[in-house]
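Breakdown of the fold
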Amino acid sequence: QPVFVEDVGPAGRRVRVVYEGTQKLVETHERDGSVKSAVYDLATDPIEKRPVDGKGTPLQAALDAFTSLPRPVNPAPRPVIDPEHAAKLRQLGYVD
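Cut-off values and rules
- Per chain, the residues get numbers from 1 upward, laid out in the order the sequence is written.
- Predicted model: local features are reported for residues with pLDDT of at least 70 only, side-chain atom pairs are reported and counted for 80 or more only, and whole-chain, interface and lining totals are derived from all residues.
- Processing note: side-chain calculations cover all non-hydrogen atoms of the structure and skip hydrogens and water entirely.
- Going along the chain from the N terminus, every DSSP run of H or I of four or more residues is numbered as a helix, and every run of E of two or more is numbered as a strand.
- When accessible area is computed with a 1.4 Å probe and restricted to protein chains, residues below 20% of their type maximum are described as buried, those above 50% as exposed, and intermediate ones as partly exposed.
- By definition in these notes, contact holds between two residues if any of their heavy atoms fall within 4.5 Å.
- Two strands qualify as a pair provided that DSSP identifies no fewer than 2 bridges between them.
- Within this analysis, the arc is defined by the directions that extend from the helix axis to the C-beta atoms.

1. A word on the environment of L25
Relative to the helices and strands, L25 is located in strand β3 (residues 23–29). With a relative accessible area of 0%, L25 lands in the buried category. The residues contacting L25, other than those within four sequence positions of it, are R16, V17, V18, S37, A38, V39, G54, T57, L59, Q60 and L63.

Written out as structure tokens, the structure reads:
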């Protein structure tokens, strides 16, 4: 059974990962729109030094199928900001 992970790093890069058995596929979405994909065999390369191209692999197909599924959105509640902080944020141009 594959395990999927998705994250967005501090630089805005989206990273999607799928694990199945000893195989790991890492798909990195760069800010310029390019996508890099690499597969690692964790049994023979546990520190991920020898990637192979992940495009067209069964792991890529599994990741594509997973990411195409609709996922629920869990909206965050609006933060409550006291009037003094709101005024400071307006002065700094952070809020209208």
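2. Focus: the sheet that holds β3
Spatially, 5 strands are ordered β1-β2-β3-β4-β5 in an open sheet, and the strand pairing comes out antiparallel. Every other strand in the sheet has two partners, leaving β1 (3–8) and β5 (52–53) as the edge strands with one partner each.

3. Looking at the pairing of strand β4 (residues 35–41)
Bridging between β3 and β4 involves 7 bridges; their strand directions are antiparallel. The residue of β4 that forms the bridge with T28 is K36. The antiparallel hairpin formed by β3 and β4 contains 5 residues in its connecting segment, where G33 sits at a positive phi of about 95°. One ladder, built from 2 bridges, connects β4 with β5; its direction is antiparallel. The partner of A38 across the bridge, within β5, is D53.

4. Some words on the environment of Y19
Secondary-structure assignment places Y19 in strand β2 (residues 14–20). Distance from Y19 to Q1, taken between C-alpha atoms, is 8.6 Å for residues 18 residues apart in sequence. Sequence-distant contacts of Y19, defined by excluding residues within four places in its chain, comprise Q1, P2, V3, V5, K24 and L42.

5. Focus: helix α1 (residues 58–68)
Those residues of α1 that sit buried are L59, Q60 and L63. For α1, the buried positions fall inside an angular range of 100° around the axis, keeping them on one side. Opposite the packed face of α1, turned more than 90 degrees from it, sit the exposed residues P58 and S68. Residues of α1 that are buried sit in contact with β1, β2, β3 and β4.

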